[in-house]
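So you can see what is in the structure, the chains are spelled out below.
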Amino acid sequence: MDEDAVLNPVELATELTIAWLGNQNNRIVPEDVPAFLRTMHATLVDLSASSSNLPENDGGAAAVEEFVPAVSVRKSLASKDHIISLIDGKPYRTLRRHLSTHGMTPEEYRSRYNLKPDYPMVAESYSEQRREMAKKIGLGNNGGARKKRAAKPA
């Protein structure tokens, strides 16, 4: 590991203390700053010692975390009006924004819970509403070609 990559607890404690003292909402008397800095340093040393004592995985392979869904896959798709998230068990019309708040893509979500590639990300009724609205405003109709055909006399 590079020397630059190793964080010095004293420097880190100093930086954190400066940042904490720089906040206008934190009020402290100047005489208490050294005690706060010592407490911050001791905490950082304890945290770094406890992280170095963690057992390593067998063979250095990353541990595969098993994710338990909040509801069954069948129950998540039981309603046409919403899809129930397997992450938190709450109903959503579309899962994309919900997944992005958890830092996931639909592919990662499907692989996490062993879902089929065609598992929907949008509720059926919401998809139908969007489809009707798109048809109504003429999306996907190649509208210019139809107008030209209608304008030509037969």
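Scroll up to find the structure.
One structure accompanies this document, and this report is about it. A quick note: this is a predicted structure, and the numbers were derived from the prediction, not measured.

Cut-offs used in this document
- Residues numbered from 1 in each chain as written.
- Predicted model: local features only at pLDDT ≥ 70, side-chain atom pairs only at ≥ 80, totals over all residues.
- Heavy atoms only, no water.
- Helix = DSSP H or I, 4+ residues; strand = E, 2+ residues; numbered from the N terminus.
- Expected span 1.5 Å × (residues − 1).
- Buried < 20%, exposed > 50% of the residue type's maximum accessible area, 1.4 Å probe, protein only.
- Lys, Arg positive; Asp, Glu negative; His and termini not counted.
- Salt bridge = Lys/Arg side-chain N within 4 Å of Asp/Glu carboxyl O.
- Contact = heavy atoms within 4.5 Å.
- Core = buried A, V, L, I, M, F, W, Y, C linked by side-chain atoms within 4.5 Å.

With respect to helix H6 (residues 124–137)
The first and last C-alpha atoms of H6 sit 20 Å apart over 14 residues, in line with the 20 Å expected at 1.5 Å per residue. Once H6 ends, the next one or two residues include glycine 138, with phi positive near 90°.

Section: the side chain of arginine 110
When you line up the elements, arginine 110 lands in helix H5 (residues 106–112). No salt bridge is formed by the buried arginine 110, whose closest oppositely charged neighbour, glutamate 107, lies at an N-O distance of 4.4 Å. Non-local contacts of arginine 110, meaning those with residues more than four positions away in its chain, are made with Leu115, Lys116, Pro117, Tyr119 and Met121.

A look at the nonpolar core
Core analysis: the largest hydrophobic core is formed by 14 residues, its most contacted members being Leu86, Leu95, Leu99, Tyr109, Leu115, Tyr119 and Met121. Aside from chain neighbours lying at most four places away, what touches tyrosine 119 is Val73, Ser76, Leu77, Ile83, Ile84, Leu95, Tyr109 and Arg110.

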